[in-house]
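Understanding the architecture of this molecule
Listed below are the residues making up each chain.
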Amino acid sequence: MKNRLQEIIAKQREEELSYAKQRKAEQENPLTGSNRRDFLKKTALGGFSLAALTGLTFEDTMAETTRNVSRASAPSDLKITDLRYCVTAVMGRTAIIRIDTNQGIYGLGEVRDGADPRYALMLKSRIMGENPCNVEKIFKIIRQFGGPARQAGGVCAVEMALWDLCGKAYNVPAWQLLGGRYRDKVRLYADTPEGKDPEDQKQKIKYRMEDQGYTWLKMDVSINEIKDIPGCLNNTEIFKNGGSSQWQGGYMSYSNTAHPFTGIQITEKGLDELEKIVHNVREMVGYEVPISTDHYGHIDMNNCIRLGKALDKYRLAWFEDMVPWQMWQQHKVITDTLDTPNLTGEDIFLLNGFKDLIHNRAVDIVHPDLASSGGLLETKRIGDYAEEFGIAMAMHQAGTPVSFMANVHCAAATQNFLSLEHHSVDVPWWEDLVIMTGGDKIIDKGYAPVPLTAPGLGIELNEEVVKQHLHATDKSYFAPTDEWTEKRSHDRTYS
């Protein structure tokens, strides 16, 4: 027993010395932010490693190791004191928020791409004075202000920032707070770039796979690819009212007309042309690499099935969002009819929104976007719930490295995870927006290494780079938001 105890003490001595060296190296690293450096100093064990104190009694050891620790730095005493934001040019317009505390540490979160930062700012008055480590409690206070798609951006941004803060307060990675990790690296999927001709596209795909190392690709198979080829579509009159864009237009335009109501049909010639596109990419990529597909256009369920049957032979990884997620009955018909896996979920808020899809096995894979689904814990719950029904989870992501890393921690902690989207592969400054506090790469050959020791999300903003890429309409950088501090409503949802 005595020898075993000595072995344990020796092992602990090695671990403590190694840990102390890591913390010292991080403090001395010029890339370490001032707030992080101050936090490391505040939480140091009185300048001693436990290994140096093994000759003392337990009481003396505790007294010595805590003699220089500020009691005000205890996580139980943390209070939220502010919420501020900046708007980056990622994906056109994506806001990052920062939640500050009374102890000088802060947490980073992100409002989903294209969403208004005011979705987050309106929550400031609801969370002021709360302990950020009470993540679930605060989430229940604010979740009533979230909704589908980008309407959930504020709630999810706050939730991300709380886990970042909580991890920093307890000096553990966010995945540890979610229950531990299943994997040390997270597989990514990336869009297949389009070339000006087949040979150009072949070179781009080769670069994506061989140089960048991605082993899972994704491509659009949209009716926009064939709309200018005579005889491929009928009932294109709707395009004259606001254009053929899926993304922007007036309320009665094609872009805002739900899929069953456009009346657009794909002809046999159109199906042949779309099949050629997929065939060419599959020939370039080979069959070993998964290829996911998305953005078919606003076509009804019957046309989705016709297109799906034409593409089934190419063994695609999935068909994504063929019809709106709310139409779970139509998703079930598609899933039951086609051999290729069917998937949806990037615009669903909270687990409850996934339950009809899961209970009825209307999809083969759920596909939440953590910046819309409710944040890290709610997304893990979605994955865990789907797992009970034999359904896997992929993750949609199209934001800055802040939400990307939130996804990495969630994916690491969820067993039935498949792959995470990276939508800014070819943006040269995207990775430079943050500094990895643990010294890891943010992306390495098509995978995201999971931060094993860095606390919280494992990142700090690279302020110089972020300031270079602020959105043209809002160049402010975490400016005061005092006008959002006062609460002016009674938020209870029942009488």
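Right above here is the structure, for reference.
Throughout what follows, the structure given in this document is the object of discussion. (Residues numbered from 1 in each chain as written. Predicted model: local features only at pLDDT ≥ 70, side-chain atom pairs only at ≥ 80, totals over all residues. Heavy atoms only, no water.)

The element strand 2 (residues 94–101) is extensively covered by neighbouring structure, given that eight of its eight residues are classed as buried. Side-chain alternation along strand 2 places Thr94, Ile96, Arg98 and Asp100 on one buried face and Ala95, Ile97, Ile99 and Thr101 on a second face that is also buried. Direction of pairing for strand 1 (residues 80–88) relative to strand 2: antiparallel, over a ladder of eight bridges. Along strand 2, the bridge assignment pairs Tyr85 with Ile97. (Buried < 20%, exposed > 50% of the residue type's maximum accessible area, 1.4 Å probe, protein only. Helix = DSSP H or I, 4+ residues; strand = E, 2+ residues; numbered from the N terminus. Pairing = 2+ DSSP bridges.)

Below, the discussion takes up unusual backbone geometry. The phi torsion at Ala149 lies on the positive side, around 55°, for a residue other than glycine. Structurally, Ala149 can be placed in the loop between helix 6 (135–142) and helix 7 (153–170). Overall, Ala149 belongs to the buried group, its relative accessible area being 18%.

To continue, consider helix 7. Spanning 18 residues, helix 7 covers 26 Å between terminal C-alpha atoms, matching the ideal 26 Å at 1.5 Å per step. Buried residues dominate helix 7, accounting for 17 of its 18 residues. Looking at the residues trailing helix 7, positive phi occurs at Asn171, about 60°. (Expected span 1.5 Å × (residues − 1).)

With that settled, consider the side chain of Asp100. Structurally, Asp100 can be placed in strand 2. According to the relative accessible area criterion, Asp100 is buried, its value standing at 14%.

So, on to the packing of aromatic side chains. Tallied over the full model, the rule gives seven aromatic pairs. Summarising the aromatic geometry, the rings of Tyr189 and Trp318 are spaced 5.2 Å apart at their centres and angled 85° between planes, so their arrangement reads as edge-to-face. Taken as a pair, Tyr189 in strand 4 (residues 185–191) and Trp318 in strand 9 (residues 318–320) lie far apart in primary sequence, 129 residues in all. Here Tyr189 matches Trp318 in class, with each residue buried. On the basis of an interplanar angle of 90° and a centroid distance of 5.3 Å, the ring pair of Phe404 and Trp430 is categorised as edge-to-face. Within this pair, whereas Phe404 is found in helix 16 (residues 401–412), its partner Trp430 is found in the loop between strand 13 (417–422) and strand 14 (434–436), the two being separated by 26 residues in sequence. Here Phe404 matches Trp430 in class, with each residue buried. (Phe/Tyr/Trp six-rings, centres within 6.5 Å; stacked < 30°, edge-to-face > 60°.)

Next up on the list: the environment of Met284. With respect to the element layout, Met284 can be found in helix 10 (residues 268–285). The exposure class assigned to Met284 is partly exposed, which follows from its relative accessible area of 23%. Met284 sits 79 residues away from Ile205 along the chain, and the two C-alpha atoms are 7.6 Å apart.

The next subject is the nonpolar core. Counting residues in hydrophobic clusters, the biggest one holds 126 residues, and the most contacted among them are Ile97, Ile99 and Phe404. By residue number, the principal contributor to this core is helix 7, which donates eleven residues. With near-sequence residues (within four places) excluded, Ile99 lies in contact with Ile80, Asp82, Leu83, Ile105, Tyr106, Gly107, Ile127, Val158, Ala161, Leu162 and Leu165. Trp216, Ala317, Trp318 and Ile365 belong to the second-largest nonpolar core, a separate cluster that totals seven residues. (Core = buried A, V, L, I, M, F, W, Y, C linked by side-chain atoms within 4.5 Å. Contact = heavy atoms within 4.5 Å.)

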